[in-house]
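So the chains spell out like this:
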Amino acid sequence: MSKGKRLACTAAIPLLVCVITNLICMAKGVAMFESSLHVLTLIRAVANVILVTYALSINLNSGRFDFSVGSIALLSSVLSSAITLKYGLGPVPMLALSLLFGLLLGLLSGFVYITLKLPPMIISLGVALFYEGLAYSITDGHGISFINNKELLGFGTIPNYLIIIVCALIFMVILFDQTTFGYDYKALLSGQRVAVNTGIKEKKNALICYGAAGLLMGAQGFISATTTGSIQMSLNFGSIGIMFTAFLPMFIGGYIGRFSNDKLGYLLGAVSMAFISLTYVRLMVNSSVQQVVSALLLVGFLIYLNNEQRILSLFRKTH
Amino acid sequence: MDNEKILKREKLRRMLFSFAPAAGLVILFALFMAFAIAQDINIPYSLKNILNQSVIVIVVATGAIFIYTLGSFDISLGANMCVSALIGAMVYGRTESLVMMLGACIASAVIISLTCSVLASVFNLPVFVTTIAMLSLLNAAVLMLIGANGTGDIIQVPAEAVSSINTIQFKLFVLLAYLAVCVFAFSFLKLGRQEKFMGGNPVCAALSGLNNSKLAICAFALAGLGVGLGAFLTITYAPTLSRNTAGSVGMDVIISIVFGGMPVSGGARSRIYSASIGALSMTLLSQIMLMMNLNSGISQMVKAVIFLLVVFISMNDGRKTILPR
Amino acid sequence: MKTVEIRNMNKRFGSTIALNNVSFEAYEGEILGLIGENGSGKSTATSIYAGMQKCDSGEMLFMGTPWNPSSMNDALKKGVGMIVQENGTVPGVSVAENIFLSESQRFKKGPFVDRKRMINEAQTALNQIGADHISASQVTAMLDFQDRKLIEIAKVMANNPKVLVVDETTTALSQKGRDIIYAIMEKMKKENGTVIFISHDLDEIMHVCDRLTVLRDGSIITTFKKAEFDEDAIKTSMIGRELSGSYYRDDYGDPAGEEVVLKAENLCHTNQLDHFSFELHKGEILGIGGLSHCGMHTLGKVLFAAEKCESGEFTVYGKKVNTIAEAMKMQMGYVAKDRDTESLNTEASIKDNIAIAGLDKFAVSGFLILPGNEKKYVQKQIDGLSIKCTGADQYVSALSGGNKQKVAFGKWLGRESEILILDCPTRGVDIGVKQAMYQLMYQMRQEGKSILLISEEMAELIGMSDRILVMKDGALKKELFRSRKLSEADVIQYMI
Amino acid sequence: MKSFRKILVLALSFVLTFTLAACSGGGSSEGGSSASEGGIDDSKNVKIGVLVADATGAEALAFRSYYENYIAKQYNVTFMYSDELTDAAAEASAIDNFIANNCKAIISFASSDRPAQIRKCAENKVYYAVATGTLSDEEYAEFKDNEYYVGAIGPDLATEFQAGYDMAKFYLDQGKTKFAIFGGATPYYTDMHIYRTAGMLVAMCEAGGGTYNGASDFGSMIGKIYEMNCQLEPAKIGSVEVVSYIGGYDFDDAWFGKLAEAANNPNVEVLLTVGSGLDTFAAFKQESQQLATVDSYTSDAVAAMKSGVLNYLAGKYSASIGPIFMATLSAVQGKPIRTANGEALALSQGYWVATSAEEAEKFYAVDSSTEDPAYTRAMLDTLFGASYDDFAKFVSAYSFEEIQNLKK
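Here the structure is a predicted model, which means the values were calculated and not measured.

A. Representation of the overall build of chain B in the model. For chain B, the count of helices and strands is 13 helices and 2 strands. Taken along the three principal axes of its C-alpha coordinates, chain B extends 75 × 55 × 35 Å. By residue count, 62% of the 325 residues in chain B fall in the buried class. At a minimum sequence separation of 6, the contacts of chain B that also span at least 24 residues come to 79%.

Written out as structure tokens, the structure reads:
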């Protein structure tokens, strides 16, 4: 496939989504980007979705289903904001603390996985419950609020979000495409038994995967906390909702990944999702309509993805 | 050590492992009784209460075992139950007949469950993603149903209409009847064996004449039946339905099945009774937590630790050289 | 100078004894052959020496010093390389990454991996063994089985090992691949290296090896020097007892039945079947022979309706068959070549595997399955085929190769199948069990069952079939009839 | 053998986890002062179950701390808290649990199915009381004579309407005309939020001289909202305008975007919220805008008033659930507080409204203290077995100043 065609296919979906959403807005007589706030809303949505998509895809691609991503974001943001408020630190130290706690919680979750050697989905159920309970106990149910702290709330600007997005992309590309860990990860992904027999240390690799996923969720927790200035507690799997926002971008990213780097594919998938979210905002769509549209988009794209040959041959026949 | 002795030990160990969940249940029951006596609570009422709270999850989880045996996974059972209960209540509103309500609950639950499996098999989508999409669709459907019914945020069935059947005897009857159907289908019909075989090795199953989509449809239909009965029991237990009805059932079913020792990948080691053991154990655990009057955060942490411990002991055969997926 | 030395090595897998106090050694500039049945321990001993697994007890020496590699890579770096029988490459990554699997550490430039250098070194390794038609940057999944095996060889030779273990690799390779391996072994021998060569093919071993050690049931039987090589002596030492009775069928005059049970006309399927037509008669063993990619395996699947052919059709007792379920109703059975994934569910018990195909046979009034009937139905097969196991509930994964194959047979015999498609039924089975299989096939023929015997072993086809159809590139090349004078050379000439 | 060791480990770990958790659990009450005047029998510990509708909201936690950190220390009572109850079935299970644990009475904050709750308690001879809420007229008619139904104290729907009305009026009187409204749980048909939103709109109709899609008074406005399936739209109301409206609690990117959009609109002067103002508009509010909400007097809310993030706070003071507790205790100890003809309590109580930081701070000081809360033990003891009129007089004096007078 030539470079040009490859580039075209890579950009196809995000451009298509951008054009369609703009047309819909225009049809309703609303401009998509009226003020810089809309750009901020778009970029914040991209940052949120891309971090969850990367975190989930690290483990899901190697067949490890993970319910605990949401609870790691919750607990790491609770811990980091508690310390930040206690010592009056600024947003950057809070982000650093959030990343650190995310990493540690991810490593702990990975450690439990490699010691108990149970299916990852079961481990993540236990870990999600545990982290939610711990966050609730630490804040005694109140969660944390810092809406008066202008400095922390001030973090949410377009440049800051762009920096986080770019750092996440670079982090993923380097960690998974350039390092020895990345090489071993890809080998384990598609040939687990052969890779382990040859001598790749699977436990160490899995631990780093969970650590990296935790790190990313730490950043996501920080972003959602500094967006509203408050962290709501949730119990009984209240925190797993966020992972469902990552499925459509992950499948879009997987499709785009065939034509270029899959990390870039996930990012473009997240950008497409952000355009859709912005459309919901601009048209003030109520939440039940929003849910139906998102579900139909997910199923629609999956139907295309899993029946591509049939659809293309049908398409060729009719033309 | 000669061959025979090792084989015996091997067989004994596997048998013991399959009893770990049951042992977990017995130990939890013993602890519950210890706390109950220490705090001098009304034990008969509490036991009735435990059954009342578990019966709905047992019915839905036992039905869901047919889906898990095939190695697939359904997170939208709770949402399905909510929609079916709302439809059942609306049907009662128009027909004033409990039988019609029961029929409506079961019919809508089975149809919803089948659309999920048909969607997955016709468009060959991965089942677990289809159920996630169904979850959003059903949540939206709930709001629309409530809106259409026009009675504020709830759809109600008059309490006296269901009070006659809101009894332990009726619930036990429904539970045991449904369990009998499931145990019969699972252990005495071709369906059960074929599903266990398909869950273990789909390629070999196909080459032994088993029809994957037929088995999937039967599995999702039986699970739908379970969800329909669960919806009916929910209405009888609490006849006021809202958008949050059966909110936690989706995850409770997964936890109960896994806690009962059922392998997540299904196959030959699937057991029909693991749902009942798991559901009862989880309810007992919550009762114990309540009696200790812990703050809800700590009690959820204790629940998480015990959940991982029991599943670790019942599932870990220790010989795995590569990490499970 | 002794390069390889193994002393009193023991190893057990759950209940089966793999190695029972095994000791042997190999010298510089020598090709040592290891021969023995499946489950004799030859692959186990060498894979322990090459670091793939640990032994329970025993001592190992390499060049005189104690030897205990932690992994295959560790062993390879220290001079002992192994080429395994099963697939040893990871499909989803590039050829270069396969060659340097778990060695990406070596190409670190600062924190990152220098991909270009890795690809260059991989390409030189490929060129060194003469596999320069493979490009190192290509994704491995796109290569066929032959080239992927060459990648493994290149990987091992890139470390120019002192000792090379070749474990039954040649059987699956094409002539080009075999020549590459023979060249490598000769080169190693000249440069005073050691090669341990494991193979089933007696002629190949006698031709290539300097010495030959025979293993049986996990212990060393004897070692032959090149001068003492004699086919029969080796064979008897392999099986340990005179083969009682004839190995194959010894009747030559008994004609098959006249009635046509299965008729196929002009079957076509992509590049696998090319207007293939034939008839199968009642009480006949029809052999289908050819090289491994001649399309005969696809034929087996098409006739069992497991795969759809593009054109042409086949009828069983005059009726068309479209699904596997219909084929089974017409009393057809199919024992697949890939036993552990297509014939058996190793996760389940013997009872599950045998009963699954015959549920309708012992169901009361068509739907009710009673454990008693099931047990009886399964036990009849276990006793009939004398399957060695602790009981019907033992998991199939714990059985030996021969017993697994018996379970696969039991699955179809249980439902009294009249037409049996057997695809390489005796592959990876001990000679003792093989003989039992042949006697069983003959007995089934006498009972009037029809057998389509697809096999890659010439001796088996000639020994067992009433008629042999030789296939090449999907087409029927030659029809040969059973006769005492029929030799392997007669058959091979039509295959190549 | 290896496997028996594993089962042993299982048993051991159970016992260990429980003993560990048990000792860290909430300690039981130390028992209040001995029998004091007014005949309250403090000798026997009374177990009271509390049905929780929201386990993480600031208001719910403030109520919980008043009961657990003050009342439980003053009286010989133990409070058993349920998990967060989201539907009628969860409420039924929680009540069954309390009955099994010998609770003598149940105070309920959960309102999915009040009649079912009352019936189940009455059947099992357990006293039932409604905290910070009310029964509908039909419900009250059905249960007012039931001896196990203690009664309800809290803002009735008229009071909720009034709270919304006063909030909007406060700013309309200042001449503000451009509003953004956060409708909270209106799309989920939650009455409390529907009536507050209706109050705001009616106040705007009166000030703006227009109608909201044809409705302008109390009755028609409620009907209009239901008619629109509780999905309200921005609209011009005469000279006043609802520039933007957001409903629901989605907490996803689109939801934050909508809130930011509403707050960022240059000509929006006032952000009115039916609840959780701090978690919605606070982060997006501009300096020039005013933010009003209905919440409780927590340290965060008061800090927000001080920093000017929050400008109008109508809140239920945490001690407002003191009287219903005393009514329940009296009933349990045989001195029920009934009307002349034996009917249950049905008293309305409104909000403390703070429109300046000083006011908020003053309310907070009283509301959050566990030594001298709004209703101390001494004040509550006067209600033990009191006549309906005295009880009603005490409860209706709920404004901050009136409570200070009661204290003297």
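B. Expanded view of the overall build of chain C. When helices and strands are counted, chain C shows 18 helices and 22 strands. The C-alpha atoms of chain C give a radius of gyration of 25 Å, which matches the 23 Å a tight globule of 496 residues would have. Dimensions of chain C along its principal axes, counting C-alpha atoms only, are 70 × 50 × 45 Å. Evaluated residue by residue, chain C yields a buried proportion of 54% over its 496 residues. Within chain C, residue pairs in contact and separated by at least 24 positions form 65% of the contacts whose partners lie at least 6 positions apart. In the form shown here, chain C has an accessible surface area of approximately 20,300 Å², with 52% of it arising from carbon and sulfur atoms. One way to put it: in chain C the 60 positive side-chain charges average out to a point 4 Å from where the 67 negative ones average out.

C. Seen up close, the pattern of salt bridges. Residues and elements named next belong to chain C. Scanning the model with the defined rule gives 53 salt bridges over all chains in all. Note that Asp 340 is salt-bridged to Arg 339, the shortest N-O span being 3.2 Å. Overall, Asp 340 belongs to the partly exposed group, its relative accessible area being 31%. Given a relative accessible area of 15%, Arg 339 falls into the buried group. Glu 447 is the salt-bridge partner of Lys 449, the closest N and O atoms lying 4.0 Å from each other. A cluster of three or more residues bridged by salt bridges with shared partners is formed by Glu 103, Arg 106, Asp 114, Arg 117 and Glu 121.

D. Spatial organisation of the sheet that holds strand β3 (residues 105–108) of chain D. All names here are of chain D. Here 6 strands make up an open sheet; going across it, the order is β2-β1-β3-β4-β5-β12 and the pairing parallel. The open sheet has two edge strands with one neighbour each: β2 (77–84) and β12 (345–347). Between one strand axis and the next, the sheet turns through 15 degrees on average, direction left out of account. The sheet contacts of helix α2 (residues 58–74) involve β1 (46–52), β2 and β3, and relative to β2 the element is tilted by about 160 degrees. In this fold helix α14 (residues 388–396) packs onto β5 (149–153) and β12, with an angle of close to 30 degrees to the strand it touches most, β12.

E. Broad picture of the interface of chain A and chain B. Residue-level contacts link 52 residues of chain A with 45 residues of chain B. For the pair chain A and chain B, the two sides together bury roughly 4,500 Å², of which 75% comes from carbon and sulfur. Along the contact surface separating chain A from chain B lie 0 salt bridges. Here chain A is connected to chain B by 13 residue pairs in polar contact (both at pLDDT 80 or more). Looking at the side of chain A that touches chain B, the elements with two or more residues in it are α4 (91–116), α5 (120–138), α8 (180–190), α9 (192–198), α10 (202–228), α11 (247–257) and α13 (287–306) of chain A. Per element, the largest residue contribution to the side of chain A that touches chain B is 13 residues, and it comes from α5(A).

F. Inspection of the confidence of the model for chain C at higher detail. For chain C, the average pLDDT comes to 87, and 97% of its residues sit at 70 or higher. Note on the complex model: pTM 0.88, ipTM 0.86.

G. Geometry of the interface of chain A and chain D. Contacts between the two partners involve 31 residues from chain A, matched on the other side by 29 residues from chain D. Summing the contributions of chain A and of chain D, the shared interface buries around 2,500 Å²; its carbon and sulfur component is 57%. At the junction of chain A with chain D, the criterion picks out 1 salt bridge. Residue A:Arg282 is joined to D:Glu261 by a salt bridge in which the shortest nitrogen-to-oxygen separation is 2.2 Å.

H. The arrangement of unusual backbone geometry in detail. Backbone geometry places B:Asn293, a non-glycine residue, at a positive phi of 50 degrees. Note that B:Asn293 resides in the loop between α12 (274–291) and α13 (296–315).

I. Summary view of the environment of A:Gly199. As for its placement among the helices and strands, A:Gly199 is situated in the loop between α9 and α10. Relative accessible area serves as the criterion here: at 25%, A:Gly199 is assigned to the partly exposed category. Spatially, the C-alpha atom of A:Gly199 lies 29 Å from that of A:Leu216, the residues being 17 residues apart in sequence. Not counting the four nearest positions on each side in its chain, A:Gly199 is found in contact with C:Ser71 and C:Ser102.

J. Region of interest: the pairing of strand β15 (residues 285–289) of chain C. All names here are of chain C. Counting buried positions along β15 yields 5 of 5 residues, so the element is predominantly enclosed. Of the two faces of β15, both are covered, the one formed by Ile 285, Gly 287 and Gly 289 as well as the one formed by Leu 286 and Ile 288. Two elements, β15 and strand β20 (residues 450–454), share 4 bridges in a ladder whose sense is parallel. Each residue of the ladder has a partner; that of Leu 286, found in β20, is Leu 452.

K. Inspection of a positive patch on the surface at higher detail. Together, A:Lys201, A:Lys204, C:Lys77 and C:Lys108 give the surface a local cluster of positive charge. With relative accessibility at 61%, the residue A:Lys201 sits in the exposed group.

L. Layout of the packing of aromatic side chains. All chains considered together, the criterion is met by 58 aromatic pairs over all chains. Members of the aromatic cluster, each reached through a chain of ring pairs, are D:Tyr297, D:Tyr317, D:Trp352, D:Phe363, D:Tyr375, D:Phe394 and D:Phe400. The ring of B:Tyr45 has B:Lys48 sitting right over it, with the charged end atom 4.9 Å from the ring centre.

M. Structural view of the environment of A:Pro93. Residue and element names in this part refer to chain A. Summarising the element assignment, Pro 93 is placed in helix α4. For Pro 93, a relative accessible area of 33% corresponds to the partly exposed category. Along the sequence, Pro 93 and Ile 83 sit 10 residues apart, while their C-alpha atoms lie 9.8 Å from each other.

Definitions and cut-offs
- Residues numbered from 1 in each chain as written.
- Chains lettered and ligands numbered in written order.
- Predicted model: local features only at pLDDT ≥ 70, side-chain atom pairs only at ≥ 80, totals over all residues.
- Heavy atoms only, no water.
- Helix = DSSP H or I, 4+ residues; strand = E, 2+ residues; numbered from the N terminus.
- Buried < 20%, exposed > 50% of the residue type's maximum accessible area, 1.4 Å probe, protein only.
- Contact = heavy atoms within 4.5 Å.
- Rg over C-alpha atoms; globule rule 2.2 N^0.38 Å.
- Areas by Shrake-Rupley, 256 points an atom, 1.4 Å probe, with all protein chains shown as cover.
- Lys, Arg positive; Asp, Glu negative; His and termini not counted.
- Charge placed at Lys NZ, Arg CZ, Asp CG, Glu CD.
- Salt bridge = Lys/Arg side-chain N within 4 Å of Asp/Glu carboxyl O.
- Pairing = 2+ DSSP bridges.
- Axes fitted to C-alpha atoms, helices over the stretch in contact; angles between N-to-C directions.
- Buried area = accessible area lost by both parts, 1.4 Å probe.
- Polar contact = N/O pair within 3.5 Å; in protein donor to acceptor, adjacent residues only side chain to side chain.
- pLDDT = per-residue confidence, 0-100.
- Patch = residues over 30% accessible without salt bridge, like charges linked within 9 Å, V, L, I, M, F, W, Y side chains within 5 Å.
- Phe/Tyr/Trp six-rings, centres within 6.5 Å; stacked < 30°, edge-to-face > 60°.
- Lys NZ or Arg CZ within 6 Å of the ring centre and 35° of its normal.

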